[in-house]
Amino acid sequence: MKVVVSAPGVVKFFGEHAVVYGTGAIAASIDKRLYVTAKLRTNGEVKIAAYDLSTHGVIVTLKPNGEIVVGTDYGKVIPAIAYVRKAIELTREYLGERAGVELEIKSDMPVGAGLGTSAAVSVATVFAYATITGHELEKREIAKLGHRTELTVQGAASPMDTAVATYGGLLYIKPTSSSPIIEPVKKGAELPTVIGYVKRVATTKELVAWVRKLRDRYTKLVDQIIWAIGELVERARVAIEKGELRTVGELMNINHGLLEALGVSDKRLNDMVYAARMAGAIGAKLSGAGGGGCMLALAPNRLKEVATAIAIANGTPIITELGVEGVRVEKVEK
Ligand code: PMV
């Protein structure tokens, strides 16, 4: 039997970093997906073949005793599969099931670029493992296991990316001391956006740690920036619902400035942000953890011009549909 599961990438509209400290955030699924194919193995081993992840064509076998056997000789292999490994471990524990599986992972989006691929791989692995072993999981359970996976691997992670990878759509997410608030945001008007990305030089984990250290040194100051981001997210939600795109754009610009103040932007991201604005975007901000990675521009009637401007600023533009379906089974073969 073979199961193919897919989960979408995620773009952050508002509130990244601050969401780690409990404010709201708004993020959307994108029309690029990551695919996990699962087959059962009889010997209790977990074999993972990862293509298009941060290294190409990595094959890893996890022995039932937890030992890792690397089938191909690539240095970056262990970080690349950390999420897959943890997702399986947590799902096995949760289901009380220790079947051996063979997993193949493919992505049609760049990995580690800030498009939420770690969330997509975590969520898709949880769902694929549960499905191949004959268990039905509710979305709530998939999102929770996916979030626990990111949390364990990264040390800190909000439930934002894993919620969007699971449910899809445009979502408002706010962590609470119990379950996070996850609510769909109804758009009053279309949000025509262009994503731009450059290679990332720091990981999400490092950037989250950077903000934490800055907050340790300038607690009151950084808390006020976090508060301001939380405030603009609430306003952005209302503006999106009312279809007030000018306000949405302005709030994106303010959000970018505040992320810059937290020290997570860089010249390459700023170049793309300014190029997009000059080409007619009504708002542009970095999107995700920063340190390179992604930016997002709101550009009604200017998608092509903004995409070109991003390319000229040395970024790779992606024009994509937002709010697509979350994690789903693509195929089951008996
Ligand atoms: O690195 P990305 O694009 O998945 O974005 C991380 C977003 C943060 O708010 C910085 C961290 C988090 O867990 O929400």
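Please read all numbers here as calculations on a predicted model, not as lab measurements.

Quick notes on the site of the ligand
Part 1 of the reasoning: Close to the ligand lie 15 residues, the nearest being Lys12, His17, Ser158, Asp161 and Thr204.
Part 2 of the reasoning: Contributions of two or more residues to the shell around the ligand are made by helix H4 (160-167) and helix H5 (204-217).
Part 3 of the reasoning: Split by residue class, the shell around the ligand holds 6 nonpolar, 5 polar and 4 charged.

Description of the packing of aromatic side chains
Part 1 of the reasoning: By the definition in use, this model includes 1 aromatic pair.
Part 2 of the reasoning: Of note, Arg237 hangs over the ring of Tyr172, and the distance from its end group to the ring centre comes to 4.2 Å.

Quick notes on the packing of helix H6 (residues 219-242) against helix H7 (residues 245-261)
In a packed pair of helices, the relevant descriptors are the angle between the two axes and the axis-to-axis distance.
Part 1 of the reasoning: Closest axis-to-axis distance for the H6/H7 pair is 10 Å, and the angle between their directions is 165°. One way to sum up the angle between H6 and H7 is to call them roughly antiparallel. When you trace H6 past H7, the crossing you get is left-handed. Here Ile225, Ala228, Ile229, Leu232, Arg235, Ala236, Ala239 and Ile240 of H6 come into contact with H7, specifically with Thr247, Val248, Leu251, Ile254, Asn255, Leu258 and Ala261.

Some points on the environment of Ile312
Part 1 of the reasoning: With respect to the helices, strands and loops of the structure, Ile312 is situated in helix H9 (residues 303-312).
Part 2 of the reasoning: Sequence separation between Ile312 and His135 is 177 residues; the distance between their C-alpha atoms is 49 Å.

As for the environment of Ala228
Part 1 of the reasoning: Within the secondary structure, Ala228 sits in helix H6.
Part 2 of the reasoning: Of the residues examined, Ala228 reaches a relative accessible area of 22% and is grouped as partly exposed.
Part 3 of the reasoning: Along the chain, Ala228 and Val19 lie 209 residues apart, while their C-alpha atoms are 12 Å from each other.

A few points about the nonpolar core
Part 1 of the reasoning: Counting residues in each nonpolar core, the largest one holds 107 residues, and the members touching the most others are Phe13, Phe14, Ile26, Met295 and Val306.
Part 2 of the reasoning: No other element matches the 11 residues that helix H2 (residues 117-132) contributes to this core.
Part 3 of the reasoning: Leaving out residues up to four positions away in the same chain, Phe13 has contacts with Ile26, Ala27, Leu170, Leu191, Thr193, Met252, Asn255, Lys285, Leu296 and Leu322.

Description of unusual backbone geometry
Part 1 of the reasoning: Phi angles above zero are rare outside glycine, and Asn301 is one such case at about 60°.
Part 2 of the reasoning: With phi around 75°, Asn314 is a residue other than glycine that occupies positive phi space.

Some words on the sheet that holds strand S9 (residues 193-198)
Part 1 of the reasoning: In spatial order, the strands read S10-S11-S9-S12; together these 4 strands make up an open sheet with antiparallel pairing. Pairing within the sheet leaves two strands with one partner each, and these edge strands are strand S10 (283-287) and strand S12 (316-319). Neighbour-to-neighbour, the strand axes of the sheet open up by a mean angle of 25°, direction not taken into account.
Part 2 of the reasoning: Here H7 sits on the sheet in contact with S10 and strand S11 (293-298), set at roughly 40° to S10.
Part 3 of the reasoning: Helix H8 (residues 267-278) rests against S9, S10 and S11 of the sheet, and its axis sits at about 15° to S11.

What about the pattern of salt bridges?
Part 1 of the reasoning: Applying the stated rule across the entire model yields 17 salt bridges.
Part 2 of the reasoning: For Glu16, the salt bridge identified is with Lys285, shortest N-O distance 2.8 Å. Of this pair, Glu16 sits in the loop between strand S1 (2-14) and strand S2 (25-41) while Lys285 sits in strand S10, and the two are 269 residues apart along the sequence. Lys285 carries the same exposure label as Glu16, and that label is buried.
Part 3 of the reasoning: Taking the shortest distance from any N to any O, the salt bridge between Arg328 and Glu330 comes out at 2.8 Å.
Part 4 of the reasoning: Given a relative accessible area of 34%, Glu330 falls into the partly exposed group.
Part 5 of the reasoning: Because the salt bridges share partners, they merge into one network encompassing Arg33, Glu325, Arg328 and Glu330.

Some thoughts on H2
Part 1 of the reasoning: Its 16 residues place the ends of H2 22 Å apart at the C-alpha level, agreeing with the 22 Å of an ideal helix rising 1.5 Å per residue.
Part 2 of the reasoning: Here H2 lies mainly inside the structure; 16 of its 16 residues are buried.
Part 3 of the reasoning: In the stretch just after H2, Gly134 is the one whose phi turns positive, near 80°.

Details of a nonpolar patch on the surface
Part 1 of the reasoning: A cluster of nonpolar side chains, Met1, Val329 and Val332, forms an exposed patch at the surface whose accessible area comes to about 240 Å².
Part 2 of the reasoning: Note that Val332 resides in strand S13 (residues 328-333).

Conventions adopted
Residues numbered from 1 in each chain as written. Predicted model: local features only at pLDDT ≥ 70, side-chain atom pairs only at ≥ 80, totals over all residues. Heavy atoms only, no water. Near = heavy atom within 4 Å. Helix = DSSP H or I, 4+ residues; strand = E, 2+ residues; numbered from the N terminus. Nonpolar A, V, L, I, M, F, W, Y, C, P; charged D, E, K, R; others polar. Phe/Tyr/Trp six-rings, centres within 6.5 Å; stacked < 30°, edge-to-face > 60°. Lys NZ or Arg CZ within 6 Å of the ring centre and 35° of its normal. Axes fitted to C-alpha atoms, helices over the stretch in contact; angles between N-to-C directions. Parallel < 35°, antiparallel > 145°, perpendicular 65-115°, else oblique. Left-handed = near helix turned anticlockwise from the far one by under 90°. Contact = heavy atoms within 4.5 Å. Buried < 20%, exposed > 50% of the residue type's maximum accessible area, 1.4 Å probe, protein only. Core = buried A, V, L, I, M, F, W, Y, C linked by side-chain atoms within 4.5 Å. Pairing = 2+ DSSP bridges. Salt bridge = Lys/Arg side-chain N within 4 Å of Asp/Glu carboxyl O. Expected span 1.5 Å × (residues − 1). Patch = residues over 30% accessible without salt bridge, like charges linked within 9 Å, V, L, I, M, F, W, Y side chains within 5 Å. Areas by Shrake-Rupley, 256 points an atom, 1.4 Å probe, with all protein chains shown as cover.

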